[in-house]
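Below are the chains, spelled out letter by letter.
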Amino acid sequence: MDAMMWVWIIIGILVVLLIIGLIVFLGRKRKHAHDQEKRRKDHEHANEIREEAHAKDLEAREREARAARADADAQQAEVDAERLRKEAEQRQNDAQGLRRETEERARHADEIDPDVRNDQGTRSDRKNGADPGRSGRH
């Protein structure tokens, strides 16, 4: 083998090494591009998940606020109902007091009216619905 042959063998080896180096370089470049694309997609996906989580958190807070308002409304309704019960009770007491006062006045009027007497010489019975002007008159 002469020197020229060795030169062609060395050139062939260098070309093969250069091709292998180029394949490795392009493979790494492609892998790096693929990794970058995967990172970009993962980042976008993570952002989408964050946005969804934020939206769900906002929705949860809105629901909590509505629940708190409903609870406050229910408590206010309870307070209003208690106030109305007390007001109704007071009005009932006032009405009963007025009724007692009216009955007492009617009894007093019957006692001092000489024409309103029953058979026993006492006032007529208003509770039975009798008309004091008619039932006890002589």
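What you see is a predicted model, and the numbers here were worked out from it, not measured in a lab.

## Concerning the overall build of the protein chain
Each helix and strand counted, the protein chain has two helices and zero strands in total. For the protein chain, the computed accessible surface area is about 12,400 Å², with 56% contributed by carbon and sulfur atoms.

## Some words on the UniProt feature "transmembrane region" (unreviewed entry) in the protein chain
Sites flagged by UniProt as "transmembrane region" (unreviewed entry) map to residues 6-26. Helix makes up 100% of residues 6-26 and strand makes up 0%, while its end C-alpha atoms are separated by 29 Å.

## Here we look at the pattern of salt bridges
Evaluated as defined, the whole model comprises eleven salt bridges. In this structure, D35 and K31 form a salt bridge, with 3.1 Å as the shortest nitrogen-oxygen distance. Within this pair, D35 and its partner K31 are both found in helix α1 (residues 3-112), separated by four residues, close to a single helical turn. K31 sits in the exposed class, given a relative accessible area of 52%.

## Some remarks on the confidence of the model for the protein chain
As a general rule, the predicted coordinates of low-pLDDT regions are not to be interpreted in detail. On average, residues of the protein chain carry a pLDDT of 87, and 83% of them reach 70 or more. Of the regions scoring below 50 in pLDDT, residues 123-129 engages in 15 contacts with residues more than four places distant in sequence or in other chains. Throughout residues 131-138 the model reports pLDDT below 50, and contacts reaching past four residues in sequence, or to other chains, amount to 13 contacts.

## Describing a nonpolar patch on the surface
The grouping of M5, W6, I9, I10, I13, L14, V16, L17, I20 and V24 at the surface amounts to a nonpolar patch, some 910 Å² of accessible area in total. Assignment of secondary structure puts V24 in helix α1.

About the criteria used
- Residues numbered from 1 in each chain as written.
- Predicted model: local features only at pLDDT ≥ 70, side-chain atom pairs only at ≥ 80, totals over all residues.
- Heavy atoms only, no water.
- Helix = DSSP H or I, 4+ residues; strand = E, 2+ residues; numbered from the N terminus.
- Areas by Shrake-Rupley, 256 points an atom, 1.4 Å probe, with all protein chains shown as cover.
- UniProt positions renumbered as here; feature names shortened; annotations may be inferred.
- Salt bridge = Lys/Arg side-chain N within 4 Å of Asp/Glu carboxyl O.
- Buried < 20%, exposed > 50% of the residue type's maximum accessible area, 1.4 Å probe, protein only.
- pLDDT = per-residue confidence, 0-100.
- Contact = heavy atoms within 4.5 Å.
- Patch = residues over 30% accessible without salt bridge, like charges linked within 9 Å, V, L, I, M, F, W, Y side chains within 5 Å.

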